[in-house]
Amino acid sequence: MDHVMSANNSPPPPPHRIAIIMSPEGRFLQCRDCHLTLSFPDGAQYVTVVLQFESHLCSSARSITSSV
Ligand SMILES: [Zn+2]
C-alpha cells in the first residue's frame with residue numbers, strides 16, 4: 001500500500017491584522033486591512049473576540065481599490 005499523501009500544506013488564509021483601538025466609547029478590535037471592527041468590552045477575553053474575526057474572511061486578499 002503506497003498511500004502517499006502529497007505534502008500539500010496549503011497555508012491558511014492570512015489572518016486579520018488586528019489592532020486594539022482605545023476610545024472613550026470603549027475598546028475595539030479592528031482589522032487594519034478590511035476594517036472589520038468588533039467591540040472588545042471590558043471583561044471580555046481577547047481570544048474570544050479574535051475568534052469572531054475568524055468567522056469573517058479578511059478582504060485583504062483583493063487588491064486595494066485606489067479611491068484617491
Ligand atoms: Zn481583515
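Predicted model only: the values in this text are computed from it and were never measured.

Thresholds, definitions, all that
Here the residue index of a chain counts from 1 through its sequence in written order. Per-residue local features are limited, in this predicted model, to residues with pLDDT of at least 70; the limit for side-chain atom pairs, both in listing and counting, is 80 or more; totals at the level of whole chains, interfaces and linings are taken over all residues. In this text, helices come from DSSP runs of H or I with a minimum length of four residues, and strands from runs of E with a minimum of two, each type numbered from the N-terminal end. Here a residue counts as buried when 20 or more other C-beta atoms fall within 10 Å of its C-beta, as exposed when 12 or fewer do, and as partly exposed in between; the C-beta atoms come from the backbone. Here, strands pair whenever DSSP counts at least two bridges between them. Think of each axis as a best-fit line through the C-alpha atoms, taken over the contacting stretch in the case of a helix, with angles from 0 to 180 degrees between the N-to-C directions. Any two residues are considered in contact once their C-beta atoms, placed from the backbone, lie within 7 Å.

### Focus: the overall build of the protein chain
1) Next: Helix and strand counts for the protein chain stand at one helix and three strands.
2) Next: When the helices and strands of the protein chain are read in sequence order from the N terminus, they spell out β-β-β-α.
3) Next: Counting only residues that meet the buried cut, the protein chain has 4% of its 68 residues in that class.

### What about the sheet that holds strand β1 (residues 18-23)?
1) Next: Spatially, β1-β2-β3 is the arrangement adopted by the three strands of the open sheet, whose pairing is antiparallel. Both edges of this open sheet fall to β1 and β3 (37-39), since each of them pairs with a single strand only. Here the strands of the sheet are splayed against their neighbours by 30 degrees on average, with no regard to which way each runs.
2) Next: Bridging between strand β2 (residues 26-31) and β3 involves three bridges; their strand directions are antiparallel. The partner of Gln30 across the bridge, within β3, is Thr37.
3) Next: Together, β1, β2 and β3 form the strand contacts of helix α1 (residues 46-54), whose direction differs from that of β3 by roughly 145 degrees.

### What to know about the environment of His56
1) Next: Residue position: His56 is located in the segment after α1.
2) Next: Residues His56 and Leu36, 20 residues apart in the sequence, show an inter-C-alpha distance of 8.5 Å.

### Some details on unusual backbone geometry
1) Next: If you check the backbone angles, His35 has positive phi at about 60 degrees while not being a glycine.
2) Next: The residue His35 is located in the loop between β2 and β3 in this model.

### Some points on the pairing of β2
1) Next: Looking at chain direction, β1 and β2 are connected through six bridges and run antiparallel. Bridging from a neighbouring strand, Ile21 pairs with Phe28 of β2.
2) Next: With antiparallel pairing between neighbouring strands as the criterion, β1 and β2 make up a hairpin whose turn holds two residues.
3) Next: Counted along the chain from β2 to the antiparallel partner β3, the turn is five residues long, and its residue His35 has a positive phi close to 60 degrees.

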